[in-house]
Structure formats: structure tokens, C-alpha cells
Number of protein chains: 2
Amino acid sequence: MDSDYGLPRELSDLQKARSAYKPELPPCLQGTAVRVEYGDTSSAVDASGAHTICRTFPHTYGQPLVHFLRATAKVPDAQIITDHPAMRVGVVFCGRQSPGGHNVIWGLQNALKIHNPSSTLLGFLGGSEGLFAQKTLEITDEILSTYKNQGGYDMLGRTKDQIRTTEQVKAALATCTALKLDGLVIIGGVTSNTDAAQLAETFAEAKCPTKVVGVPVTLNGDLKNQFVETNVGFDTICKVNSQLISNVCTDALSAEKYYYFIRLMGRKASHVALECTLQSHPNMVILGEEVAASKLTLFDLTKQICDAVQARAEKDKYHGVILLPEGLIESIPEVYALLQEIHSLLMQGVSVDKISSQLSPWASALFEFLPPFIRKQLLLFPESDDSAQLSQIETEKLLAHLVEVEMNKRLKEGTYKGKKFNAICHFFGYQARGSLPSKFDCDYAYVLGHICYHILAARLNGYLATVTNLKNPVNKWRCGAAPITAMMTVKRYGHGPGALSIGKPSLHPATVDLNGKVYDLLRQNATKFLMEDVYRNPGPLQFDGPGSDAKPLTLCVEDQDYMGRIKELQGYLDKVRTIVKPGCSQEVLKAALSAMASVTDILSVMSSPSHVGNTPF
Amino acid sequence: MDSDYGLPRELSDLQKARSAYKPELPPCLQGTAVRVEYGDTSSAVDASGAHTICRTFPHTYGQPLVHFLRATAKVPDAQIITDHPAMRVGVVFCGRQSPGGHNVIWGLQNALKIHNPSSTLLGFLGGSEGLFAQKTLEITDEILSTYKNQGGYDMLGRTKDQIRTTEQVKAALATCTALKLDGLVIIGGVTSNTDAAQLAETFAEAKCPTKVVGVPVTLNGDLKNQFVETNVGFDTICKVNSQLISNVCTDALSAEKYYYFIRLMGRKASHVALECTLQSHPNMVILGEEVAASKLTLFDLTKQICDAVQARAEKDKYHGVILLPEGLIESIPEVYALLQEIHSLLMQGVSVDKISSQLSPWASALFEFLPPFIRKQLLLFPESDDSAQLSQIETEKLLAHLVEVEMNKRLKEGTYKGKKFNAICHFFGYQARGSLPSKFDCDYAYVLGHICYHILAARLNGYLATVTNLKNPVNKWRCGAAPITAMMTVKRYGHGPGALSIGKPSLHPATVDLNGKVYDLLRQNATKFLMEDVYRNPGPLQFDGPGSDAKPLTLCVEDQDYMGRIKELQGYLDKVRTIVKPGCSQEVLKAALSAMASVTDILSVMSSPSHVGNTPF
């Protein structure tokens, strides 16, 4: 299996041109002298879970935020690292392949060699299994040559997502010790970075000198929080899917006889579906978050789509495009309850053909109502994270089927008088994952790779590499690192202040914020999208010319820049300090005192654990 | 329905940039003076069917080939058309939307206006239905502005493929007469261009002054013959599909645990699957033509794939990508026979649930052997051309299922000792059709649009616009027109010289030539592709930079240039004439006579109807 890894290979003309592309570094990472600024001690996003997180991660919780600045930056407290001893670093791909993953490794290798040509980068072959089995490949320029700016994880391969069981953690520790690694870089999403934090803690506890660093690489785009604006791979996935969705929209409008139901990736979160909707303007999108928040049943959803089909038919339109994320099925309350019953019976060892008879009367009624193909798919054994096998459940076919049945009923009853409803279903699950990464993903991943080096050079443990201000050009990007534990939340069942904190602290997928700017933009345009066929085609992913520098719309609309705004706040505090100093008038002092007392009061109340209730789950 | 046609619309940045792109014209079409060279009288490709074709098309069979040359070209017999009266031309989209279709209309409109600004181009709304109902939209620069170099057929829409029944032909004639059209341009594939030839004949018979012109636009790429090298849309479709196939290959190689079965478009012919294979180098492709020629059964195919899976497992490879065209299912002899029985019963009005019991014992056994989902799909009512509903039959799932069953059997028996076989299936049917057209398709379609004008200016009827030497840059392209009847064949059941010619003369889809250069190239590489994972990623369709000027590999490898070689032959004949003239030696004359007598003998024998037996069907 491993004999093929890292082999040079035949590249197409475009692949060759891409392999020659060299991403730019932001000014703070240029040259060999980088200034490290340690910020305030970080606290967990999930204030109410902070205690649990602190207890679980005694060595790695509460570490400061870190910024990497130009050596010439005028920040007195920052430290310049001038000593660059040779380092031995290991890197491993975890979880689903995301376009751009190879560039993290390239950036890291480049940074290692720039700072000390004797440093060594070892790639683990076959993902976490290679980590456990100490199977490595030394990453050289030659090996990288045909993988720079290329998609997939095929330079090293990947296997399972998890480094979690005691046995796995022990194996990882043994490997890092045996290989005398100074650092271990884990490339992955929420699951893998939770594991990275756990490894970091275990290593610290065991006094293992290997520092663990995480990198936010996941095409789902759901590792999002104050510190992380977007993930490597998300841009490419959305561009490739938007291209295909737009093609289907054009197709629908040309033939005017089909409704296309397209299922996209997105399990717990519908970010891909949302971004693609804003790119392509299909007629409708059904976000899992909306369905969960409004507790929409299968019948509600069917009715909603049928009403839309009917409204369009009244305008003589018999075509349309409807998007849904693969996780939708689990967001529908009654289907979720049914799945829970099925999974529980499967876990008890009940055989598939007996399950139907052992369901509760209510679940059984729903089950029997569903068409046979969906029944079969719902009976699949759940995945390791207890979720259903979402890629295998053809929710798009289920909805198309239910809508067809309902439209035929309306036609028969005479409440609908248009043409027969025709649906074609698509699942866009795997055809984007291996794509050549977009320029943005190439740049972002490469810079993150460089940051990993600086995190290790500063001997930091349990950090995630971060870049903020991403919506601006590379020369404005801010580079930093945040403790992974600061991004954790504790899963609770129930939302009230008295709710019990159970489960282990983890990174959880960030869902689409139904109060956020992006969702608002979607709502503003929903009627126009539905009725007016304002389809838009961003076209195939470009590497030259117009569109090649485009970034995700959600990134640009959200306009996060958390770090930037923290800096802005510090500016205000400094200004108050400058104005109100010995010599200022009584009035100024009085006004300042009164204003600042009120500000601190408000912020104290807002930051108290009992107030912070709206964290995920 | 028609209120939306031709409306301006919001374009993405890339769409805007594309709409500003102006295709180049070959030198022969530049300026307003074009020289028309009439070649020899054309004869039918299908020599044995010539008599039938001639009888069916008395007015339009046997017309000369036509070349369009520069006004300055030194061809004494050619005629320069200098008089350009205002013309009224109608244009209609027929059949499936192919990327580039809009540019035919743009090219035609541009040529009309250049030669006489008073000319009028009317687009029929909603395809052939608009033609029958006289629904038109005048094509202006303003309307074209957001459709130039854009995909889909949504500027005008399309409905059915056919203009065939007496009623339809009458309606078309009535429309052309009522609108006083000088020309009717039909944009489509084999079916639509057969209809175009029939219309041309009917119009000539009825002394209707409207001349009918066809344009080879079909994403299947199966309107191929001596005169037509490729079709508008084929390049784009293959590029978009190759991008996705390559992504899936990268995915397979990264995770190393799945076999992907991908079904592509291609009903009677497997051109798309072949081109995509040469672009992406997947592990395996199953061409319908191979299966039909070797009479491979479902069991043969299953065994072939299982043996490949096993051979790869022995090299520790548990992943792969296998392509198949949607028409494959009809190429498998026993499935075809089963389908014929089912269709015949359906036509007799037998209800779906009774069909199984009325099949012949042999067909019934096969039917019962197939998994339920395929049984259901095989029972679908056939399409208007008597073929099965190929887009609905999940042949990829059937093969994956059969391979899985066989691999599990081998595992149990101990003849296979590898890991469990896992398959994921895809159908790439609709996600490419609406794509932005490639530069090649933009150029080719635009030039064909210009040629349509010149065909009409020369008052030619029943011709197809042609461009040859397409593998070379636009300034080397040769522009011409060929009578559609010359491309027709007569469908026969049986191949021997005594076989009865039955059925109407038609254009038939050209299948992949199993003796041709392209198939040979595939065979030479088949083992390497199968075993060595030499996946290649042509990347997303580019409009700038490397890869943007790429053309279909099949086009470049085939290196047809039929017209070029006819010209080359004429050069030889002229040379002989120059050498052998009064004054040459007896020896030279003797040698020339002997050689030419032998050449003419050979060619006479080769061209006789009884010899030409290997035409399609």
C-alpha cells in the first residue's frame, strides 16, 4: 500500500502550471526573524463549560493567545526568536481529504528548511494508522514537487479520523518518543483537532517533549469560532459545487421541465449549502439549522416545497433547483427520533429485518410511511460518531418522492392545475473533494504551514494555527495561534442555566448562525431566488483572470476579523489612558470614571456563566 | 413561459469576462466577400444505401460539396457572392442543450448584420414547439449581450427533439411561409439534422423558398463522419466530466478504500467515456462498442471487473475508478433481449406488475436474477426512439452490486484473500450540460454560425455547416458545407451483402471505431491505467493560461482532416497531369497509364456497393 506514496507522477499542463505557483507570505512571516507576541490568557468560548474544560486540560488550558509579528513591529513585549535549532517534526493527515491539505505540508517544510536546513519533516504514511505504526516518509523538495498546489491527500494518504482510544494515544506517544519529534502537526477538522488537544495534554502530562499543533483543514467549513474564520478546502469545495449547481440551473432553465433536488455535503452544519446558494442563486435551499430551529416535520417540508412548485406553476414555470445538505435528514425532528430508535435497536443486536416490528407505534407508523429505498438506508448501522450514514441516505430522493405524491394528489383534487411535476435527483458528495485547490486555499494552507513552524519554534503546545483578516489580500493577513482548549464547548442536553454539563469538552461543528449576516442575506433574497430564476454562474474554478481571486462570500459578508477588533478595542483603552492622566480636568475624570464603571458593569453581567447560554447544543 | 426568454440577467465576474470574449474568424470568413467553391457531386457515405437515399431525397441528394474560400484565393471556378440582399432567417434549438449553442446564434446574427444591416434573425421560443406555433423573438445585439459564450439554451429554450410527423412538418412549413423566411437554421444532433434534411426535401418539393441548414451541435459527439470532425458541446462536456472524474481518482487514491463506478452520458456511442478516459486515466472504462462487438454478457463483465479488483488487491490496492457510458446496458446482449421483450409487452399494454410473468422463460430467469431496483428501472416505458430510459437505469449500481456479490463469494471460497470490496456509484448526467462552453466550443460554434449565413447566401438547401482541420489553430480552419443526405445511412438488420435495406435513411450516431487510432491508444495504455494509478487531472475548465486552449484528445489523435486529404489527393492528380503531358517520354506515359489503370481498378472495386458492408447497423 505505502509503496506508491510520494512518488512523482504525470501532471497535466494545468497541474504543472499550478505546481509552479508560489503562494505569497504575509509580511509578518517573511524573512527568518519573527516576533512572537503573547496576548492575554485565553478563556473558553463556552464560559459555562470553562470549569470542566480547565479540569480536563490542566496543562494546556488558559494559555495565552499568540500573534506573529514582523521583527520590526513596535510591540515592546514581543519576543524575537533568533535561535533556530534543527527540529524534527511529524505531520499527519486526519479525516476527509480537503483541497489544499498538501500545501500545509509544503509551507511547513519550507519554513523548517529556511530556518535550519538540518531540520527534518516526516510525513506519516496512511494517516493516523501510519502514526500508530511509525510508518514515515521524509518530506523533501523532490517529493513535494508534484504535490504543490495539488488536491487530495495522496502524497501521504489518510485512514481513520480518530486518535482517541487509550491504545491509539499510547501508540502516538510511543511514535513521537521513538522518532524524537519536537513537534507533531495534525491536519484535520473538529474531530482531529479535538484529538490534537487531547494528545497535547497527554504529552504534557507524560513530560513528552513533542509539542502538538493543529491546523484547521476541513471542507465542511465548520471549524469556525472567534479565532478561526474559515477552513482550508471549504472555498474549493464550494466553488466546484457552485459550478455544478449553476450548470444544473442553466440546464433546468433551458429545458423547463424538471425540478432538480441536489444533496450537498454538510453533516451537522449547512455551510456548504449556504455558500453555494449565495454563489449560484438556485430557487431554494433547505438548511438543517432552519429545520431544526423551526422543528419542521417531513410534512411541513413537503408542503413548503409543494407550495413553491405551485406558486411557480402559476407563473408558468415548471422547473427549479432545490439544494439540501446531507445532514438535513437528522434535523427533521420525527426522523431523528426514528433514527435514534433504530440505532438503539441495532446497538442491542436486533437484526435488520426485526427492527420494524420492535419500533414504538409512533416510529413504526412513520417508518412504514416511508418509501422502501429510504427504509433500507435508515436501517444502516450508524457511524462511529453515532450519526446516521448520511452519505448513504438519499434525502433528496425522499423529498422528491413526497413532493411528487403530494403534487399528484393536488392535481387529482383540482387544487393544482399545472403540468405534471418531474424531479431529477443528484448527490454532489465526492466529485469535489479531490479538486485542484483554489488559489485562496493554496495560499491559506501554505501560510498555515509556515505558522505551524513558528508555533513549534516558540515551543507552544496544544495550539491551532490561525490566520485572520482573510477577506483582505495576503499582505494584510494576521497570523497567530490559539489554544485549542479555548475553542471547546461542553455538550449539554438542555439549554437552561441549570442544565447539567455532561460529556467531554470538544470542538463542536459550528452551525449556520440564523441570526448572522450571511443567513440574513439569504433571507432577503429568498423570494427573488424562488420566483425569478436569477441564476448566477460563477463558472469553473479559475486560476488566472477574472474570478481566480474570489473568496467565499460567507467569509466576506461575515467580516469577522475578531483579532482586528480586539486590537481596535485596545486602541480605545490606550486612548482613554492617554486622555485621562494626571493633569486632566475634574470633569473629564468624572465622565471617564462614570462611563468606564458602566461599561465594566455591563460587560461583567454579559460575561457571567449564567448569561452565556446560547452556545451550541 | 416565454416571458422570460432573452431577458438580460446578472452575470458573475467570470461570466462577464466571457461575454466580452470575441472568437476569431478563420481568414476565409473575414471581410464581406467570400468565395464559394463547388466541389464534386457528393455521394452517400453508405454506398449500399445510396439508391434508397436518392429515392427518398430526389431534390436534395447528390448536391456538391461546398468550400468557402478567401475572396483572394486562386480558385478559378469559385464564385464570389457580392450581392447581399436583406434576409429573414429563423433559428431553432433542437434536442439536448449543448454548451456553445448560443454562439451559433451569435455568429449567425453577426454575419447577417455585417452583410446587410437590414437582415432579420428570428429565434423560435421554446424550441420546436415555438417553430410550430410561430413564437419568435428577434435576436438583437442587446438580447445577445448576456448570452455570448454562455452555456445552456436558455436564451430561447428548447422542448422536444423532433420535427418529424406530417403534422409537425406541415406546421414548420406554414411558419416559414408565414414569416417569409429565406432560411431556417436547425441546431442539433443526429436526430435533428435528419429532420433538417427531411424538411429541406419537403420544402423543395413544396417549392417553399426557405432553405434549411443544419449545425452539428450535440454533447454526445456522435454526429461524426467524413465531413464532420466533432460537435459543438463535446469538448466542454468532456472537460467538465474529466475534471470530476479526476477529482474522484484523487479521492480514491487518498482514502484507498473505495471503488468508484461512474456512469457517463453516451447512449448509442461511448465517445464521452473514451475522451474522459484519455484525459483522466481512470483504472478502467467499459465501452458499449467493445461489449457489443465481443458479445460480453453481464457475467463476463462482472468477472472481468472482479479479476481486475483481485489483481489490484494482490498489489495491495483496494481502490479504483471505473467508467461506463449510460448506453452500456443496451449493449449487453442478454439485457438487450430482455429489454426488447419488456418493451414489446409494454407496447401491448401489459401492466408493469404482470410483465414478469409473461416473459419468455429465459428472459424471466435473467429478470428474476437482477436486483429489485434494476428490475423497476428496466420496466420503465421506452423513449420515443424505442431505446430504454437510459438516464434512469443505474447500470453502475448493477455492476457494483454484481461485483460485490462475486467478490464476497470469492472471499468466502478463499479464492480472494484481500479486504472487503466497497463501491460508491455516481451518475454524471446533468451537471455538465449547462456549463460555460470551453474556448474551443465558443470558437467552433461561432464560426459555424457564420458559415450558416454563407450557406444561405449561396441559396443552398439541406446542407450541414462544417469546419475541418479543427485540431489546428483557427486561422487554419477550413470552412464548408456538405449535403446532409451524403452523411446518411440506411439501417439494416443483418450485415451480409444480401441484407434487405429497410427503414428510412437517417443520420445514425457514429460509434467508437474499434479499429481506429483513438481506441488503439486506449488499448495500449489499458494495463498501465488499470494497475499503476497513473491518474491525471486536467483540472477545471480554464479560460486563461495553461490548458485553456486544449482540444479534445480524440480530435487530435484521429487527425481526420478529410477535406484536407481530398485537397492533397487533388494535388497529386494535378501533378500527374503536369508531368504527363504532350512532350513527355513514352516510358513516362506508359508507367503513368499502367499505374493509373491499376489505381482506378482498385478504387472501383472498393467503392462498389457490395463491398461497403461495414456501415453502422
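For the structure, check the block above.
These numbers were taken from a predicted model, which means no experiment stands behind them. (Residues numbered from 1 in each chain as written. Chains lettered and ligands numbered in written order. Predicted model: local features only at pLDDT ≥ 70, side-chain atom pairs only at ≥ 80, totals over all residues. Heavy atoms only, no water.)

The next subject is the overall build of chain A. Scanning chain A from N- to C-terminus turns up 22 helices and 16 strands. Scaling as 2.2 N^0.38, a compact globule of 617 residues should have a C-alpha radius of gyration of about 25 Å, and chain A matches this with 26 Å. The principal-axis extents of the C-alpha atoms in chain A amount to approximately 80 × 75 × 55 Å. Residues classed as buried in chain A amount to 59% of the 617 residues present. Of all intrachain contacts in chain A linking residues separated by at least 6 positions in sequence, the fraction that spans at least 24 positions is 79%. In the form shown here, chain A has an accessible surface area of approximately 24,300 Å², with 55% of it arising from carbon and sulfur atoms. Of note, chain A has its 61 positive side-chain charges centred 2 Å away from the centre of its 62 negative side-chain charges. (Helix = DSSP H or I, 4+ residues; strand = E, 2+ residues; numbered from the N terminus. Rg over C-alpha atoms; globule rule 2.2 N^0.38 Å. Buried < 20%, exposed > 50% of the residue type's maximum accessible area, 1.4 Å probe, protein only. Contact = heavy atoms within 4.5 Å. Areas by Shrake-Rupley, 256 points an atom, 1.4 Å probe, with all protein chains shown as cover. Lys, Arg positive; Asp, Glu negative; His and termini not counted. Charge placed at Lys NZ, Arg CZ, Asp CG, Glu CD.)

This part takes up the nonpolar core. Within the largest apolar cluster, 97 residues are counted, with the highest numbers of intra-cluster contacts made by B:Phe68, B:Ile105, B:Val185, B:Ile187 and B:Ile451. The dominant element in this core, judged by the number of residues it contributes, is helix α18 (residues 439-457) of chain B, at 12 residues. One finds A:Leu112, A:Ile143, A:Ala458 and A:Val467 within the second-largest nonpolar core, a separate group that totals 96 residues. (Core = buried A, V, L, I, M, F, W, Y, C linked by side-chain atoms within 4.5 Å.)

All names here are of chain B. Here 10 strands make up an open sheet; going across it, the order is β3-β1-β2-β14-β13-β8-β7-β4-β5-β6 and the pairing mixed. A single partner strand is all that each edge strand has here, and the edge strands are β3 (79-81) and β6 (136-138). Strand-to-strand twist across the sheet, computed as the mean angle between neighbouring axes with direction ignored, equals 30°. Strand direction decides the pairing type here: strand β2 (residues 64-70) and strand β14 (residues 478-483), joined by three bridges, are antiparallel. Residue pairing for β14: Phe 68 is matched across the bridge by Cys 479. Against the sheet, α18 engages β1 (34-41), β2, β3, β4 (88-93), β7 (183-188), β8 (211-216), β13 (463-468) and β14, with an angle of about 135° to β13. (Pairing = 2+ DSSP bridges. Axes fitted to C-alpha atoms, helices over the stretch in contact; angles between N-to-C directions.)

Residues and elements named next belong to chain A. A grouping of Leu 569, Tyr 572, Leu 573, Val 576, Met 596, Val 599, Ile 602, Leu 603 and Met 606 is seen on the molecular surface, where their side chains present a nonpolar patch of about 790 Å² in accessible area. Those elements that place two or more of their residues in the nonpolar patch are α21 (562-579) and α22 (586-607). The leading source of residues in the nonpolar patch is α22, at five residues. Mapped onto the elements of the fold, Leu 569 is located in helix α21. (Patch = residues over 30% accessible without salt bridge, like charges linked within 9 Å, V, L, I, M, F, W, Y side chains within 5 Å. Salt bridge = Lys/Arg side-chain N within 4 Å of Asp/Glu carboxyl O.)

Looking now at the packing of helix α9 (residues 271-280) of chain B against helix α19 (residues 517-532) of chain B. Residues and elements named next belong to chain B. Contact geometry of α9 with α19 gives a least axis separation of 11 Å together with a crossing angle of 50°. Classed by the angle they form, the pair α9 and α19 counts as oblique. Crossing hand, α9 versus α19: left-handed. Between α9 and α19, the residues in contact are Leu 274, Thr 277 and Leu 278 and Val 518, Leu 521, Leu 522 and Phe 529, respectively. Its residues assigned to classes, the contact of α9 with α19 shows six nonpolar, one polar and no charged. (Parallel < 35°, antiparallel > 145°, perpendicular 65-115°, else oblique. Left-handed = near helix turned anticlockwise from the far one by under 90°. Nonpolar A, V, L, I, M, F, W, Y, C, P; charged D, E, K, R; others polar.)

With that settled, the discussion passes to the packing of helix α8 (residues 234-255) of chain B against α9(B). Residues and elements named next belong to chain B. At a minimum axis separation of 9 Å, α8 and α9 run at an interaxial angle of 55°. Put simply, α8 runs oblique to α9. Crossing hand, α8 versus α9: right-handed. On the side of α8, the interface is formed by Phe 234, Ile 237, Cys 238, Asn 241, Ser 242, Ile 245, Ser 246 and Cys 249, while α9 contributes His 271, Val 272, Glu 275, Cys 276, Gln 279 and Ser 280.

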